[in-house]
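# Reading the structure
One letter stands for each residue in the lines below.
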Amino acid sequence: MTILLDTVVGQATAIETLRRALGNDRVHHAYLFDGPEGVGRELAAFGFAQALVCERRSAPPAGPSLFGGAEAPADPADKSSACGACSACTRAMPRADAQGRPIHPDIVVLERGLYEPGLIGRKTPESQDISIDQVRTLVLARAAFGPHEGRAKVFIVRRAEELSTSAANALLKTLEEPLDRTHFILLSAHPDVLLPTIRSRTLRIRFAPLGESLVTKLLTERGVEAAMAATLAHRANGSIGQALALADATAAEAATSFTQRALAAVASKDFTLALDLAGDAKKAKAELEMHLAAFSAALAAEGRTRALAGDPTATAYAHRHELALRALRELDGNAAPALVVESMLSAMRAAR
Ligand SMILES: [Zn+2]
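Let me sum up the structure you'll find in this document. (Residues numbered from 1 in each chain as written. Predicted model: local features only at pLDDT ≥ 70, side-chain atom pairs only at ≥ 80, totals over all residues. Heavy atoms only, no water.)

So, about the overall build of the protein chain. Looking only at helices and strands, the protein chain features 14 helices and five strands. Taken over C-alpha atoms, the radius of gyration comes to 27 Å for the protein chain, far larger than the 20 Å a tight globule of 352 residues would show. Overall, the protein chain is about 85 × 55 × 40 Å in size when its C-alpha atoms are taken along their principal axes. Expressed as a percentage of the 352 residues in the protein chain, the buried residues total 43%. The contacts in the protein chain between residues at least 6 apart in sequence include a share of 71% that link residues at least 24 apart. Averaged over its 40 positive side-chain charges, the protein chain has a centre that lies 2 Å from the centre of its 40 negative ones. (Helix = DSSP H or I, 4+ residues; strand = E, 2+ residues; numbered from the N terminus. Rg over C-alpha atoms; globule rule 2.2 N^0.38 Å. Buried < 20%, exposed > 50% of the residue type's maximum accessible area, 1.4 Å probe, protein only. Contact = heavy atoms within 4.5 Å. Lys, Arg positive; Asp, Glu negative; His and termini not counted. Charge placed at Lys NZ, Arg CZ, Asp CG, Glu CD.)

In structure tokens:
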């Protein structure tokens, strides 16, 4: 069970504004979530949408009480949050296997290039902007029918500043004549680029950059080592999204460097390089696992390339690949990381 709005961190003011709107039944028909990339705007948009489509939030008023007397007033706290557990709430969760879109039919994401051209009535990909075709197919053709499941319909526009002028003007028409239970959430890091007419018809909610200490904390929670987390947080300009991308890039760099050092250790005359690498592996098992996996993949790829070229050294790479996989299994079986690296490199050297 996940209440998405509860998972947005460091944006108390924005989230409070959204909850209040939900609690008071004063949800605006069009919002502009403005702020840098990677600070929680999109998560907040999905959280708000989840609350709007939730099947249990603000249940219809109960019939007259059996015992007569006044009915208990509805608890406003119930209205300000999704239940997080009903079928609609579950389907409102963004999914990694669907480009971060939810599968709920009443939560529709618009983004440049998100849909195959054929699906939105185009022949060419949207390389420049969010086209009028996308707005026509996804918004204009559907908005008139109202929500599929009766609660609300929510359109979320990623990088709304990329709307083409004709797309923005088409959207504007629906913003000027809002439809019942239909809501728009425009996400933008560059709201000044939006048409002034669009800006004036949306309610602006600001999402601030996150504090460095918060980004550091979020990174360590995701397994990034403390000193590295602090360095990355400092470089990330208050964006957890950017910090995670930097962490990924750093991890990829480290894996590449491990592969290069391992290959040099195998080729080298003496065993010093191998011992150095084994010494460095002492510290972190999880990290070594990633490096070994990358090393093994690099060996397999090199082996395939050489085999295709008819190069007889291909078998040596296949053998090294086997040894790298064996090292991974040993690590998995709780062998000491340094020993795993040392014996792998030593076996590879013996087979030169
Ligand atoms: Zn729910």
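Don't stop here, the text continues.
Formed by 75 residues in total, the largest nonpolar core has its most connected members in Leu 18, Phe 33, Ile 156 and Leu 163. With eight residues, helix α2 (residues 41-53) is the largest single contributor of residues to this core. Discounting residues that sit within four places of it in the chain, Phe 33 has contacts with Leu 18, Arg 41, Ala 44, Ala 45, Ile 185, Leu 186, Leu 187, Ser 188, Ile 205 and Phe 207. If you look at the next biggest cluster of nonpolar residues, it comprises 23 residues, including Ala 278, Tyr 317, Leu 323 and Met 344. (Core = buried A, V, L, I, M, F, W, Y, C linked by side-chain atoms within 4.5 Å.)

Two elements in contact, helix α8 (residues 212-221) and helix α9 (residues 226-235), have axes separated by 8 Å at closest approach and are oriented at 135 degrees. Comparing their axes, α9 and α8 come out oblique. Between α8 and α9 lies a crossing whose hand is right-handed. Contacts between α8 and α9 involve Glu 212, Val 215, Thr 216, Leu 219 and Thr 220 from the first element and Ala 226, Ala 229, Ala 230, Leu 232, Ala 233 and His 234 from the second. Of the residues contributing to the contact of α8 with α9, the split by class is seven nonpolar, three polar and one charged. (Axes fitted to C-alpha atoms, helices over the stretch in contact; angles between N-to-C directions. Parallel < 35°, antiparallel > 145°, perpendicular 65-115°, else oblique. Left-handed = near helix turned anticlockwise from the far one by under 90°. Nonpolar A, V, L, I, M, F, W, Y, C, P; charged D, E, K, R; others polar.)

An order of β2-β3-β4-β1-β5 is seen for the five strands of this open sheet, with the pairing classed as parallel. A strand with exactly one partner marks an edge of an open sheet, and here the two such strands are β2 (107-110) and β5 (203-206). Within the sheet, the average angular offset between the axes of one strand and its neighbour, ignoring direction, is 20 degrees. Both strand β3 (residues 153-157) and strand β4 (residues 182-188) contribute to a ladder of five bridges, which runs parallel. Bridge pairing in β4 places Ile 156 opposite Ile 185. (Pairing = 2+ DSSP bridges.)

Right, let's get into the packing of helix α1 (residues 12-23) against α2. As a packed pair, α1 and α2 sit with axes 11 Å apart at the nearest point and diverge in direction by 15 degrees. The angle between α1 and α2 places the two elements in the roughly parallel class. As α1 runs across α2, the sense of the crossing is right-handed. Facing α1, whose interface residues are Ile 15, Leu 18 and Leu 22, α2 presents Ala 44, Phe 48, Ala 51 and Leu 52. The residue inventory of the contact of α1 with α2, partitioned by class, reads seven nonpolar, no polar and no charged.

With that out of the way, let us pick up the environment of Ala 267. By the element assignment, Ala 267 lies in helix α10 (residues 240-267). It is 68 Å that separates the C-alpha atoms of Ala 267 and Phe 145, two residues lying 122 residues apart in sequence.

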